[in-house]
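Notes for the structure review
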Amino acid sequence: MKTINTSFEWINRRLLFSPERDAALDWMDAFAQGPCVLERDTYLRIYFSCRPKPVDGRYVSYSGYVDVDKDDFSILRVSERPVLELGERGTFDEFGIYPFTVIDVGDEVHAYYGGWTRTVSVPFNVNIGKAISQDGGKTFERVGTGPILSYTLDEPFILSGPKIRRFGDTWYLFYIAGREWIMDGDRPEPVYKIRLATSTDGVTWTKQHRDLIDSVLPDEAQASPDVFYEDGRYHMFFCYREATDYRKNPERTYRLGYASSPDLLHWTRDDTVMKFTRAETGFDDEMVAYPHTFTLNGKRYLLYLGNEVGRAGFGIAERKEETT
């Protein structure tokens, strides 16, 4: 019988990696955010970002990896140190490396990441940096001390959430750009939209200067645009939320969305295709967020974050197959 897929339904969801359960490292006390997969001969290397305990109520964020077996996703090893140290005093990535997206380029691994800095009137700001690994992805070195993608006239703050892809000879960097800050009581909350930049070398980028995905909420924040090609078109998984009251309100917090495109530039949104919502109980019973999808042995899988944007770790689900 021929196996076909007509929608994105998911089964066998579970918590795949938890810092508390699977690691005992000071710099990895909690959170495992923004998972991203590189396939190797006998294992999958999954990069993610995590946090040590806060100091004076403030967090920093590091990025590392967990290697899992390709047969049963059992954990083989966890990186002992962050793959990239925080930036120097005053640089754009002094206080955080999150999220972290990677791609193989010959014998090198190229990484793009959000670099966080602290501010005064709002909690943070973010630019996008690049680093390269010469040792198979164990450690990375910056291409420079500054960002490769930063603020412009129509993107004045929060350039983050990078997802790197190469289709043909063109590099595509999907990312989010800040639109405005909205006060939620006495706390500023950002609104950001999904955007795109292209490149011929992976360093110098041309921005498209427009939002890719139409909003369905009045003040919608979008994140984690994860793009792949299948069955003659491009697909994007992403997450979105209300601008305010989303941290503890399951009805307003992150959920998963879907869009498709013939050319990577023009996207049609249809969230009903993405049949994945929060669970009834467990680590993901309040939210599902920051999707990343990959294929292995002919099957498609979904990595995602649960409650509090991945405080307990990240989960995995398998695409349901239909047969005719």
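For the structure itself, look to the data block above.
From a predicted model like this one, the values you see are computed outputs, not experimental measurements. Per chain, residues are indexed from 1 in the order of the written sequence. Selection of residues for local features in this predicted model requires a pLDDT of at least 70, selection of side-chain atom pairs for listing and counting requires 80 or more, and totals for whole chains, interfaces and linings are taken over all residues. Calculation of side-chain values draws on the structure's entire complement of heavy atoms; hydrogens and water are dropped beforehand.

Points about the overall build of the protein chain
We count it as follows: Runs of E in the DSSP output that reach at least two residues are strands. Runs of H or I that reach at least four are helices, and both are numbered from the N terminus. A radius of gyration in this sense is built from C-alpha atoms; the matching globule rule multiplies 2.2 Å by the number of residues raised to 0.38. Contact between two residues is taken to exist if any of their heavy atoms lie within 4.5 Å; hydrogens are not considered.
Of the regular secondary structure elements, the protein chain holds two helices and 23 strands. Expected size for 324 residues packed as a compact globule is a radius of gyration near 20 Å; at 18 Å, the protein chain falls within 12% of this value. Its C-alpha atoms give the protein chain principal-axis dimensions of about 60 × 45 × 45 Å. The long-range fraction of contacts in the protein chain, counting pairs at least 24 apart against all pairs at least 6 apart in sequence, stands at 54%.

Side note on the nonpolar core
Quick reminder of the rule: Working definition of a nonpolar core: buried Ala, Val, Leu, Ile, Met, Phe, Trp, Tyr and Cys residues. They are joined through side-chain atoms within 4.5 Å. Buried means the residue's accessible area, taken with a 1.4 Å probe over protein chains only, is under 20% of the maximum for its type, while exposed means over 50%, and partly exposed covers the values in between.
Judged by nonpolar contacts, the single largest core of 69 residues is most densely connected at Tyr254, Trp267 and Phe314. The element that contributes the greatest number of residues to this core is strand E16 (residues 233–241), accounting for six residues. Beyond its immediate chain neighbours, meaning those up to four positions away, tyrosine 254 contacts Tyr192, Ala223, Cys239, Tyr240, Arg241, Tyr246, Met287, Val288, Ala289, Tyr290 and Val309. Grouped together as the second largest cluster of nonpolar side chains are 15 residues, Tyr65, Val109, Ala111 and Ala131 included.

Quick notes on the sheet that holds strand E6 (residues 75–78)
Definition in use: Pairing between two strands is assigned when DSSP locates at least 2 bridges connecting them. Axis definition: a line fit to C-alpha positions, over the contact stretch in the case of helices; interaxial angles, taken between N-to-C directions, run 0 to 180 degrees.
If you trace the four strands from one edge of the open sheet to the other, you get E3-E4-E5-E6, paired in antiparallel fashion. The open sheet has two free edges, formed respectively by strand E3 (30–39) and E6, since each of these has just one partner strand. Between one strand and the next, the sheet's axes are offset by a mean angle of 25 degrees, whatever the strand orientation. Bridge count between strand E5 (residues 62–69) and E6: three bridges; the pairing is antiparallel. Directly across from valine 68, in E6, lies its bridge partner isoleucine 75.

Here we look at the side chain of glutamate 220
For clarity, the cut-off: Two N or O atoms count as a polar contact when they lie within 3.5 Å, although within protein this holds only if one can serve as hydrogen donor and the other as acceptor, and sequence-adjacent residues are included solely when both atoms are side-chain atoms.
Relative to the elements of secondary structure, glutamate 220 occurs in the loop between strand E14 (206–207) and strand E15 (221–230). Side-chain polar atoms of glutamate 220 contact the backbone nitrogen of leucine 217, separated by 3.3 Å.

Describing the pattern of salt bridges
Quick note on the threshold: Salt bridges are defined by distance alone: a side-chain nitrogen of Lys or Arg within 4 Å of a carboxyl oxygen of Asp or Glu.
All told, the structure shown has 26 salt bridges when counted by the stated rule. With a shortest N-O distance of 3.0 Å, arginine 311 and glutamate 308 are connected by a salt bridge. Classification of arginine 311 by relative accessible area gives partly exposed; the value is 33%. If you follow the salt bridges from partner to partner, you end up with Asp154, Glu155, Arg179, Arg195, Lys207 and Asp211 in one network.

Overview of the environment of aspartate 69
Looking at the element boundaries, aspartate 69 is found in strand E5. Along the sequence, aspartate 69 and lysine 248 sit 179 residues apart, while their C-alpha atoms lie 35 Å from each other. Residues in contact with aspartate 69, not counting those within four places in the same chain, are Thr42, Ser74 and Leu76. At a separation of 2.7 Å, a polar atom in the side chain of aspartate 69 contacts the main-chain amide nitrogen of aspartate 71. In this structure the side chain of aspartate 69 is engaged in a polar contact, spanning 3.4 Å, whose partner is the backbone nitrogen of aspartate 72.

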